[in-house]
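# Descriptive structure summary
Below are the chains, spelled out letter by letter.
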Amino acid sequence: MSEDDLYNNYDPHIAMRPSDKIEIQYANPKFWKRVMAGVIDFIIFLVIFFLLFISCRGIVISTDTYKENNEELTSARVESGLYIDHADYGMIDIIAYLNRVDISGYARLREAQDAIDTFLSFCDDRCDEQTASMIRATYDEERLSDKFVDKYGNHYFIIDEDGEITINTTAYSIVTSAGYFDEFYTYYIDEVLQGYLVVAVPNYYDLTKYMSNVLIYAEILPAFLISGVLSFYLPTLIFRKGRKTFGQAIYHIGTIDKRLLNPSWKRSLARFLIFYFFILILSVFTFGIPIIISFSMMAFSRNKQGFPDFCLNLVQVSTQDNNIYDEYDQIRADLVTARKEPVNFSHRDLK
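This write-up is about the structure you can find in this document. For clarity, every value in this text was computed on a predicted model and none was experimentally measured.

### Structural notes on the nonpolar core
Core analysis: the biggest nonpolar cluster contains 46 residues, and Phe119, Tyr180, Tyr185 and Ile189 have the highest contact counts within it. Listed by contribution, the elements that provide at least two residues to this core are helix H3 (64–80), helix H4 (94–100), helix H5 (105–126), helix H6 (129–143), strand S5 (165–167), helix H7 (169–199) and helix H8 (204–238). Ranked by the residues each element gives to this core, the list is headed by H7, at twelve residues. If near-sequence neighbours (up to four positions away) are discounted, tyrosine 180 is found in contact with Leu109, Tyr156, Phe157, Ile167, Asn168, Ala171, Tyr172, Val175 and Tyr185.

### So, the packing of aromatic side chains
Evaluated as defined, the whole model comprises 29 aromatic pairs. Aromatic side chains phenylalanine 49 and phenylalanine 53 sit 6.2 Å apart centroid to centroid with 20 degrees between the ring planes, which places their arrangement in the stacked category. Taken together, the residues span about one helical turn, with phenylalanine 49 and phenylalanine 53 both in helix H2 (residues 31–61) at a distance of four residues. Three or more aromatic residues joined by ring pairs make a cluster, and in this case those are Phe42, Phe45, Phe49, Phe53, Phe224, Phe232, Tyr233, Phe272, Phe275, Tyr276 and Phe277. The ring of tyrosine 89 carries arginine 100 above its face, with NZ or CZ at 4.9 Å from the centroid. One cation-aromatic arrangement involves arginine 143 over tyrosine 139; the distance from NZ or CZ to the ring centre is 3.8 Å.

### Topic: the side chain of arginine 143
You can see arginine 143 is positioned in helix H6. Overall, arginine 143 belongs to the buried group, its relative accessible area being 11%. Polar contacts involving the side chain of arginine 143 include one to the side chain of aspartate 140, which spans 2.7 Å. Among residues more than four places away in sequence, those in contact with arginine 143 are Phe157, Ile165 and Phe184.

### Brief notes about the pattern of salt bridges
Overall, the coordinates contain nine salt bridges when judged by the stated rule. In this structure, glutamate 142 engages lysine 147 in a salt bridge whose closest nitrogen and oxygen atoms are separated by 3.2 Å. For glutamate 142, a relative accessible area of 13% puts it in the buried group. Judged by its relative accessible area of 51%, lysine 147 is exposed. Between aspartate 326 and arginine 240 there is a salt bridge; the shortest N-O distance is 2.9 Å. Taken together, the residues aspartate 326 in the loop between strand S7 (315–318) and helix H13 (328–337) and arginine 240 in the loop between H8 and helix H9 (246–250) connect sequence positions 86 residues apart. With a relative accessible area of 19%, aspartate 326 lands in the buried category. Three or more residues joined by partner-sharing salt bridges are found here, namely Arg240, Lys241 and Asp326.

The rules behind each value
- Residues numbered from 1 in each chain as written.
- Predicted model: local features only at pLDDT ≥ 70, side-chain atom pairs only at ≥ 80, totals over all residues.
- Heavy atoms only, no water.
- Core = buried A, V, L, I, M, F, W, Y, C linked by side-chain atoms within 4.5 Å.
- Buried < 20%, exposed > 50% of the residue type's maximum accessible area, 1.4 Å probe, protein only.
- Helix = DSSP H or I, 4+ residues; strand = E, 2+ residues; numbered from the N terminus.
- Contact = heavy atoms within 4.5 Å.
- Phe/Tyr/Trp six-rings, centres within 6.5 Å; stacked < 30°, edge-to-face > 60°.
- Lys NZ or Arg CZ within 6 Å of the ring centre and 35° of its normal.
- Polar contact = N/O pair within 3.5 Å; in protein donor to acceptor, adjacent residues only side chain to side chain.
- Salt bridge = Lys/Arg side-chain N within 4 Å of Asp/Glu carboxyl O.

Shape descriptors only; they carry no functional weight alone.
Pasting the structure below:
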């Protein structure tokens, strides 16, 4: 049997003749489809992240160590007078609470004064004598400071006949109780006393550090890493041809490498790592700049490549009418078996 006879019988195991031209043409997917695919993937990521975060948190807060530290921290905050454990708002700092409740400016001022007095007494009990005295002295210095004067130069606080520091009625008539609360008491509690609570009260810093570490390393980080793998990498192993995510599979968008073939799993993994750890995570700390740059490259570059694709010489193509192949022999077998006429195997912008 001659080569022509084998070819005419469409045996898929026989390679095409050397003279046969392999040609498949890919087209760029529509830009809006690429955007919508990304939106779907991100929604899937958020849902998985939320579920994993809730699961991780449920495990953490059930441990005895967490319960003991949380109880001690809660007790210290409430006793300090700077926090309120409210039935509706949960654990909330006193200034935030007073700004939420519907009470008069004078009532807010009185509540703030009581919170400061409670904190000073709390420091007398928890801190050493020198630290407690320093905090009280700071309160006096701040009240008499030149930073707090009305538009006529009257100090907010003055020393009365008994040597006590009290509100200056002249300034009070101009500034009002709401002004005192907003300008002095809010500043002093949020900026000064909250700082003393952390650095001066024994064991408080260690408790807050423990809670922060638990939140970051035992709740957020595991949920973030696992949800990223499940959302952006695992689908590329499921939809192996074209290394598609769920969103890309919906809109028939695949990825090809510089050979115009299916990328290897190693290159797909590298793409995920660049996207997730360089683009996504870095964007959290840089106001989204890497995402903006990558999106701009995807929209305006010649090959419509985002930053990860540009680094790895990958291109997204439409798979609506064409398959993506692992090897050239698969194309030969596919074309011979199906009696397909040769079409142009190229990407419009790739060399």
